[in-house]
Amino acid sequence: MFRLLITRVVLGLLTLFAISILIFAATEMLPGDVASAVLGQGATPETLAAFRLELGLDRPAYIRYLEWFTGVLQGDLGVSLTNKRDILESIAPRFGNTMFLAGFAALIAVPVSVGLGILAAINEGKWIDRVANIVSLATISVPEFFIAYVLILYFAVKHRWFPSLATVFPDMAFSTKLYVTALPAITLTLLVTAHMLRMTRSSVLAIMSQPYIEMAFLKGLPRARVIMRHALPNAAAPIIAVIALNLAYLIVGVVVIEVVFVYPGMGQYMVDGVTKRDLPVVQACGLVFASAFIILNTIADILGILVNPRLRKRNTGH
Amino acid sequence: MTEHVLKINNLRVESVSGLVLVDNVSLELKKGEVLGLIGESGAGKSTIGLSAMSYARAGCRITGGEVLINGTDIRKQDAEGRRDMRGKRIAYIAQSAAASFNPSHTIMDQVCEMPIQHGLMSKDEARKWAIELFTSLGLPNPQTFGDRYPHQVSGGQLQRAMAAMAISCRPDILVFDEPTTALDVTTQIEVLALFKKVVKEYNTAALYITHDLAVVAQISDRIMVLRHGKMVELGTTEQILQQPKEAYTAALVSERKAADHIAEDVKVEHNEPLLEVKDVRASYGSFEVIKGVSIAVAKGETVAVVGESGSGKSSMARMITGLLARTSGTVTFKGKELAPNYKHRSREDLQRIQLIYQLPDVALNPRQTIGEIIGRPAQFYFGMSPAKTKERVAELLTQVGLPVDYAGRLSTALSGGQKQRIAIARALAANPELIICDEPTSALDQLVADEILKLLKKLQDELGLSYLFITHDLGIVRRIAHRTAVMLRGEIIAQGPTAQIFNPPFHPYTENLLASVPEMRTDWLTDVLAKRQQKTA
């Protein structure tokens, strides 16, 4: 088992390395360059060339990649081209904000969707199953900004229960922070619940038709015990995988939501970076997002191995 | 108090679509009595067994009748009351222990679960009791056996562990649902002896469900024969075996008896070999499944390969067809060497050897019509025109005994036996000289299987086909094989004319294998066990 786990971790690191190359290559291919973006339309070719020289953009791409990558390995994400500030320092508080919002949403979404998924599975075909299915399907079928605006219209404009802008400061009280970010968190919850709910429902249903579940009922066990103890552990691996995927989405996919609620997270920072052709910022954000994705998926893989005795324990039978 | 621990009156079970699965069946069990329920698939035996626990599978409903356990109608109980009786008063032993144990929990947890959940024992008491059961059921290292997960023990051990689980609450009634069908014959005999012991020692009543008369004869006091959900006949075991009253019972009995005798008309005329396998080895990854095997099949000959699961007999079929590439040795067909991998074989080489599989359900494409399924090889190998193909399909359907108008249908609507006939027709469509049959009848009911064997024999006489027949069923081998090879752990340990293999002097393994096949007399199991004891003494 130990070898299996090590393999997963090494694979994760390799993926991250491959992605760092992709990110660098992709930002290289962006149309336009930072010099013309910063200096504007009126800049003469001479000033542009001088500016590029100053930034080191004249050197070959692979040398700049190696410099960048060794920097990253030492915890140096570089300096923003536009405002000359250290990127790590700018990203840290924003990353904290993004994680806060994602964590908040996950805390609501994961228990709700797994719980509802199990309920829907054991009441297959009954009203609770249908309602859960229809509502969850409806929420993923409409665009995310639409849900956000509907919530703002109802809860912020009409009833004034929540603020429409999720502005947070570093020294804000925790409870105020929760209150301010309630609407974006609910929006995100609605977005990710459907996927997790449906996966939980179908994994549990697939397990419920197994002979060992029939055996558990014939042993005279209470229904709740059959589901929690006999069905769930075997349905866990696919559920964990889909939860990891959705947690990653909560961190990476929030750009639109951050813009709608003017929330100072990573997404906004990255969008800013793209519009200003600030390559180091875009690369740094991309790398952070990719890391979040890979780390979460690696954790899901490892948990998937740990919950399966056939992978956890070596076969000693014949 | 009534004297019957289980009494079922006028049981009726229907499918949700209204089909009657069990029709007006009544039975009764005294303490310590074993009733065998026998019949072919679809006879409703398992449905009755589950109904005795007031349990209906998805899509079924118990619509009428009484199920009295110690005088209490379990059907009239509420959910809580039913739950309390299940496991505690009446327990279930399923066909496949591998599927009936939860892969996520240790065996100990699952065996202890029932007494703990029914509030009969504390955790420590249950654990001690489980170890006691493991010891009395002859499981290895009973102290630690329970700490293993189901995938870490063998099939026979798991089946015994399931027996331990079933009797953990000391129930009055046990329902055995084909509990030895999935086991090899040599394992079956041990498990069967153990069940007999359990029933006797704990004085439990039992319903023993099986399709094999010889098996049920060893353990039951009375036998009920079922067909299409109705009772055909009920009598003592002796009476059913010796003087069956109903024609259907008589057919089952004589069919099962036929398997005990070697067919007389088997003559061996050795032509030059069609297929010759010499010193072949093959492996899956680093695991060698065929270890230097040599075998030959002559024209018009049937060669049987017998062995238990894991002996490498199916791998041999895959190796000969080139699905599993051999690592050394030669395979020649009519003196010409065949490439190890089927991808490198010529169309002609492929056409000459065809394969029939164990499960026709899986081997036939459910989206294709029967005409397409059978016509495809005719077009592929011989480039027949659509009109010619249609003619050929009709001819083949007649040959395998199916109506010509089946060509337009989908195979999904057919029965298992009919599907296997389609599979045979598809193999014939290529005009093969050798057909490899991989357990073609083991998924079929006795009487249907017999029809398929007769068809294969008829085709052999008409077309001069050769068969390499892979099976674990020694009864079939005796009836159809000219020559037999016995496989054990990837090697052929005995090979020769069938009559010779099945008569002394035996190879020790062959003898053990033969001795393990249940015979149609009630004292067979006792005899075999007594003989074994003598030997070890």
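What you are looking at is a predicted structure, and each value in this text was computed from that prediction instead of being measured. (Residues numbered from 1 in each chain as written. Chains lettered and ligands numbered in written order. Predicted model: local features only at pLDDT ≥ 70, side-chain atom pairs only at ≥ 80, totals over all residues.)

A few words now on the overall build of chain A. Secondary structure assignment for chain A yields 15 helices and zero strands. Taken across its 318 residues, chain A has 34% of its residues classed as buried. At a minimum sequence separation of 6, the contacts of chain A that also span at least 24 residues come to 74%. (Helix = DSSP H or I, 4+ residues; strand = E, 2+ residues; numbered from the N terminus. Buried ≥ 20, exposed ≤ 12 C-beta atoms within 10 Å, placed from the backbone. Contact = placed C-beta atoms within 7 Å.)

Quick look at the overall build of chain B now. Scanning chain B from N- to C-terminus turns up 22 helices and 20 strands. A globule of 537 residues ought to have a C-alpha radius of gyration of about 24 Å, and chain B, at 25 Å, matches this closely. Within chain B, buried positions represent 44% of all 537 residues. When contacts within chain B are restricted to residue pairs at least 6 apart in sequence, long-range pairs at least 24 apart make up 68% of them. (Rg over C-alpha atoms; globule rule 2.2 N^0.38 Å.)

Glancing now at the environment of Gly285 of chain B. All names here are of chain B. Along the polypeptide, Gly285 turns up in the loop between strand 11 (273–284) and strand 12 (287–298). A residue is classified by how many C-beta atoms lie within 10 Å of it, and Gly285, with 5 of them, is exposed. Sequence spacing of Gly285 and Asp124 is 161 residues, and the spatial spacing of their C-alpha atoms is 45 Å.

For the rest of this paragraph, the subject is the interface of chain A and chain B. Contact with chain A, which involves 20 residues of that partner, is made by 25 residues of chain B. Contributing elements (two or more residues each) for the side of chain A that touches chain B: helix 10 (211–218), helix 11 (223–252) and helix 15 (309–312) of chain A. No other element matches helix 10 of chain A, which puts five residues into the side of chain A that touches chain B.

Another point: the nonpolar core. In this structure, Ala164, Ile173 and Val175 of chain B are the most contacted members of the largest nonpolar core, which totals 153 residues. Among the elements that make up this core, the one with the highest residue count is helix 11 of chain A (14 residues). Other than its neighbours up to four places away in sequence, Ala164 of chain B contacts Val111, Ala130, Leu133, Phe134 and Leu137 of chain B. Grouped together as the second largest cluster of nonpolar side chains are 68 residues, Phe333, Leu364, Leu468 and Ile476 of chain B included. (Core = buried A, V, L, I, M, F, W, Y, C linked by C-beta atoms within 7 Å.)

Moving on, we get to the UniProt feature "domain: ABC transporter" (unreviewed entry) in chain B. When the UniProt feature table is mapped onto this chain numbering, "domain: ABC transporter" (unreviewed entry) sits at residues 6–253 and 275–514 of chain B. Secondary structure across residues 6–253 of chain B divides into 39% helix and 27% strand, with the first and last C-alpha atoms of the span separated by 28 Å. (UniProt positions renumbered as here; feature names shortened; annotations may be inferred.)

This brings us to helix 9 (residues 182–208) of chain A. Residues three or four positions apart in an α-helix share a direction because the helix packs 3.6 residues into each turn. Residues and elements named next belong to chain A. Here helix 9 contains 27 residues, and its C-alpha end-to-end distance of 36 Å stays within 8% of the 39 Å for a straight helix at 1.5 Å per residue. By the largest-angle criterion, Thr193 marks the main kink of helix 9, which is about 35°. Burial analysis of helix 9 places 20 of its 27 residues in the buried class, which makes it a mostly covered element. (Expected span 1.5 Å × (residues − 1). Bend = angle between axes of the 7 residues up to and from the residue.)

Another point: the sheet that holds strand 18 (residues 466–471) of chain B. Residue and element names in this part refer to chain B. Across the sheet, six strands lie side by side as 16-17-18-13-19-20; this open sheet has mixed pairing. Each edge of the sheet is formed by a strand with only one pairing partner; in this case those strands are strand 16 (353–356) and strand 20 (491–497). On average, each strand axis in the sheet is inclined to that of its neighbour by 15°, with strand direction left out of account. Contacts from helix 17 (residues 416–428) reach strand 16 and strand 17 (434–438), with the element oriented near 175° to strand 16. (Pairing = 2+ DSSP bridges. Axes fitted to C-alpha atoms, helices over the stretch in contact; angles between N-to-C directions.)

A few words on the sheet that holds strand 3 (residues 34–38) of chain B. All names here are of chain B. Read from one edge of the open sheet, six strands run 6-7-8-3-9-10, paired in mixed fashion. Single-partner strands in this sheet number two, and they are strand 6 (90–93) and strand 10 (230–236). Direction aside, the axes of adjacent strands within the sheet are offset by 15° on average. Pairing of strand 7 (residues 173–177) with strand 8 (residues 205–210), which is carried by five bridges, proceeds in the parallel orientation. In the sheet register, Phe176 faces strand 8, and the bridge partner there is Tyr208.

What follows concerns the environment of Val274 of chain A. Tracing the backbone shows Val274 of chain A in helix 13 (residues 266–275). Sequence spacing of Val274 of chain A and Thr27 of chain A is 247 residues, and the spatial spacing of their C-alpha atoms is 9.1 Å.

What follows is about the confidence of the model for chain B. On average, chain B scores 88 in pLDDT, and the residues at 70 or more come to 97%. Model confidence for the complex is summarised by a pTM of 0.76, with the ipTM given as 0.77. (pLDDT = per-residue confidence, 0-100.)

Turning our eyes to something else, we now look at the packing of helix 10 of chain A against helix 11 of chain A. Residue and element names in this part refer to chain A. One can describe the packing of helix 10 onto helix 11 by two numbers: an axis separation of 10 Å at closest approach and a directional angle of 150°. Taken as axis vectors, helix 10 and helix 11 run roughly antiparallel relative to one another. As for how helix 10 packs across helix 11, the hand of that crossing is right-handed. Residue-level contacts link Tyr212, Ile213, Ala216 and Phe217 of helix 10 to Val226, His230 and Ala231 of helix 11. (Parallel < 35°, antiparallel > 145°, perpendicular 65-115°, else oblique. Left-handed = near helix turned anticlockwise from the far one by under 90°.)

To continue, consider the pairing of strand 4 (residues 60–69) of chain B. Residues and elements named next belong to chain B. Here eight bridges tie strand 1 (residues 4–15) to strand 4, and the two strands are oriented antiparallel to one another. If you follow Asn9 over to strand 4, its bridge partner there is Glu66. Sheet topology note: the strand 4/strand 5 (residues 72–73) ladder contains two bridges and is antiparallel. Across the sheet, Ile69 pairs through a bridge with Thr72, a residue of strand 5. Connecting strand 4 to the antiparallel partner strand 5 that follows it, the hairpin turn spans two residues, and Asn70 within it adopts a positive phi of roughly 50°.

Residue and element names in this part refer to chain B. Phi angles above zero are rare outside glycine, and Arg170 is one such case at about 50°. Of note, Arg170 is situated in the loop between helix 7 (155–166) and strand 7. Among the residues examined, Arg170 registers 14 C-beta atoms within 10 Å and is labelled partly exposed.

This paragraph deals with the pairing of strand 6 of chain B. All names here are of chain B. Because side chains alternate across strand 6, one face comprises the buried residues Ile90 and Tyr92, and the other comprises Ala91 and Ile93, equally buried. Where strand 6 lies against strand 7, four bridges are found, and the strand directions are parallel. Paired with Tyr92 across the strands is Val175, a residue of strand 7.

The subject of this paragraph is the packing of helix 8 (residues 185–201) of chain B against helix 22 (residues 524–536) of chain B. The description of two helices packed together rests on the angle between their axes and the distance between the axes. Residues and elements named next belong to chain B. Contact geometry for helix 8 and helix 22: axes closest at 11 Å, N-to-C directions at 110°. Here helix 22 runs roughly perpendicular to helix 8, going by the angle between their axes. Helix 22 is crossed by helix 8, and the crossing has left-handed handedness. Side by side, helix 8 and helix 22 meet where Ile189, Leu192, Ala193 and Lys196 of the first sit next to Leu525, Val528 and Leu529 of the second.

Right, let's talk about the confidence of the model for chain A for a bit. The share of residues in chain A with pLDDT of 70 or more is 95%, and the mean pLDDT across the chain is 84. In the model of chain A, helix 2 (residues 34–39) of chain A stands out as the element of lowest mean pLDDT, 68, in contrast to helix 10 of chain A, which has the highest, 93.

Our focus in this paragraph is the environment of Ser15 of chain B. Residue and element names in this part refer to chain B. Tracing the sequence through the fold places Ser15 in strand 1. Between the C-alpha atoms of Ser15 and Gly59, which are 44 residues apart in sequence, the distance is 5.6 Å. Excluding its chain neighbours within four sequence positions, the residues that come into contact with Ser15 are Leu21, Gly59 and Cys60.

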